[in-house]
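Structural overview for review
Spelled out from the first residue to the last, the chains are:
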Amino acid sequence: MKKASIKSEDYQKYYRQLILKKIGIIGQKKIFRAKVLVIGAGGLGCPLILYLAYSGIGNLGIADHDKIELSNLSRQVLFTKKDIGKYKVLIAKKVVGRINKKINVKTFRDKIDKKNIKKIAKNYQIICDGTDNFKSRFLINDYCIKNKKILISSAINKFDGQLFVFDFKRKTPCFRCFMPESPNEELNCESDGIITTLAGIAGSLQANEVIKSILNIKNHSDGNIMIFNALNSNFRKVKLLKNPNCKNSNLHG
């Protein structure tokens, strides 16, 4: 392995990734060049952003309109008490900068909607959904399938988590195939509660899927739902089938 193709400091920093046959120098350079957008810098987004930064992601977008509150601090691991009242994206950018100044971080202090999603997401190849409501999830899903992006989405509630991976450059179902319409009642951490560790598990799994997607490693998660429970440590995959009545059925390929 030649050190010359990667700077000495980076070679030392990422050495334990570089020696993996499925990564190596070529793979690490792909990670350096990757463009990833994280929508939602909350319980899912914080560990996701943290591990992407430590992995060496070269270009990172962070979109969130919220400010930090005391109730966030039990699971949103990028923030501390001194950050209360400040915008999440600004503090997240500072933390990423402390980890690696070479990462190009662009922040979007906006709530994702139909008017701005194209402007925010157009320059990113991988979109990570860490939002906490179905309206945003549907919007992000529909944008990604229309524009053939890779979507890595997770949802958590109480003790349960779900992880979705969709590579819309291929023939694959989408989130609407799983849930065509919003349920009558919105499920979220604020109303139902959540165990702190679940956010870390789900966000870390999202980061892992991002790296796999960048490296183009054969992905057995694509088009499946990973369902996990923090109480019994049970993980299982469920095959998601295309729904012929899905709103996006003409885009599934």
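Our subject is the structure listed above.
Presented here is an overview of the structure given in this document.

Criteria and cut-off values
Residues numbered from 1 in each chain as written. Predicted model: local features only at pLDDT ≥ 70, side-chain atom pairs only at ≥ 80, totals over all residues. Heavy atoms only, no water. Helix = DSSP H or I, 4+ residues; strand = E, 2+ residues; numbered from the N terminus. Rg over C-alpha atoms; globule rule 2.2 N^0.38 Å. Buried < 20%, exposed > 50% of the residue type's maximum accessible area, 1.4 Å probe, protein only. Contact = heavy atoms within 4.5 Å. Disulfide = S-S within 2.5 Å. Patch = residues over 30% accessible without salt bridge, like charges linked within 9 Å, V, L, I, M, F, W, Y side chains within 5 Å. Areas by Shrake-Rupley, 256 points an atom, 1.4 Å probe, with all protein chains shown as cover. Salt bridge = Lys/Arg side-chain N within 4 Å of Asp/Glu carboxyl O. Pairing = 2+ DSSP bridges. Right-handed = clockwise from strand over helix to strand, strands pointing away. Axes fitted to C-alpha atoms, helices over the stretch in contact; angles between N-to-C directions. 1 Å grid on protein atoms, 1.4 Å probe; cavity = no way out; pocket = protein on both sides within 12 Å on 5 of 7 lines; lining within 4 Å. Points joined across faces, edges and corners; volume = space filled by probe spheres on them. Nonpolar A, V, L, I, M, F, W, Y, C, P; charged D, E, K, R; others polar. Lys, Arg positive; Asp, Glu negative; His and termini not counted. Charge placed at Lys NZ, Arg CZ, Asp CG, Glu CD.

Before going further, it helps to spend a moment on the overall build of the protein. A count of helices and strands for the protein gives 10 helices and eight strands. Relative to its length of 253 residues, the protein is compact, with a C-alpha radius of gyration of 18 Å against a globular reference of 18 Å. Along the longest, intermediate and shortest principal axes, the C-alpha atoms of the protein span 55 × 45 × 40 Å. For the protein, with 253 residues in total, the buried portion stands at 51%. Of the contacts made within the protein by residues no fewer than 6 positions apart, 64% connect residues no fewer than 24 positions apart.

Here we come to the state of the cysteines. Counting across every chain of the model gives zero disulfides. Here Cys-128 stays unpaired: no disulfide links it, and the sulfur of Cys-144, its closest cysteine neighbor, is 9.5 Å away. Under the relative-accessibility criterion, Cys-128 is labelled buried at 0%.

A cluster of nonpolar residues, Tyr-15, Ile-19 and Leu-20, forms a patch on the protein surface that exposes about 270 Å² of accessible area. Tracing the chain through its elements places Tyr-15 in helix α2 (residues 15–18). Residue Tyr-15 is classed as partly exposed on the basis of its relative accessible area, which comes to 36%.

This next bit is on the pairing of strand β4 (residues 126–129). Burial along β4 is two-sided: the residues Ile-126 and Cys-128 and Ile-127 and Asp-129 are all buried. Where strand β1 (residues 35–39) lies against β4, four bridges are found, and the strand directions are parallel. The partner of Val-36 across the bridge, within β4, is Ile-126. Summarising the sheet, β4 and strand β5 (residues 150–157) pair through four bridges and their orientation is parallel. Considered in β5, the bridge of Cys-128 is made with Ile-152. In this region the chain leaves β4, passes through helix α7 (residues 134–146) and returns to the parallel neighbour β5; the handedness of that crossover is right-handed.

Next up on the list: the environment of Ala-63. Considering the arrangement of structural elements, one finds Ala-63 in strand β2 (residues 59–63). With a relative accessible area of 3%, Ala-63 lands in the buried category. Between the C-alpha atoms of Ala-63 and Ile-120, which are 57 residues apart in sequence, the distance is 8.1 Å. What Ala-63 contacts, discounting residues up to four positions off in sequence, is Val-38, Ile-39, Gly-40, Ala-41, Val-89, Phe-108 and Ile-120.

The sheet built from eight strands is open, its strands ordered β3-β2-β1-β4-β5-β6-β7-β8 with mixed pairing. Bordering the open sheet on either side are β3 (104–108) and β8 (234–239), each of which pairs with just one other strand. Recorded for the sheet is a direction-independent mean angle of 15° between the axes of neighbouring strands. Of the strand pairs in this sheet, β2 and β3 are connected by five bridges, and their pairing is parallel. Across the sheet, the residue bridging to Ala-63 is Phe-108, located in β3. Across the sheet, helix α5 (residues 88–99) lies against β2 and β3, angled at about 175° from β3, the strand it touches most. Set on the sheet, helix α10 (residues 196–214) makes contact with β1, β4, β5, β6 (160–167), β7 (224–229) and β8; between it and β5 the angle comes to about 170°.

With the rule as written, the count across this model stands at one cavity of 30 Å³ or more. Along its surface, the largest cavity is lined by Asp-129, Arg-137, Asn-141, Leu-151, Ser-153, Phe-164, Phe-166 and Phe-175. Looking at the lining of the largest cavity, the elements that each hand over two or more residues are α7, β5 and β6. For the lining of the largest cavity, a count of residues per class yields four nonpolar, two polar and two charged.

All right, on to a positive patch on the surface then. On the surface, Lys-106, Lys-118, Lys-119, Lys-122 and Lys-146 cluster together into a patch of positive charge. By the secondary structure assignment, Lys-106 is in strand β3. Classification of Lys-106 by relative accessible area gives partly exposed; the value is 46%.

These figures come from the coordinates and say nothing about function on their own.
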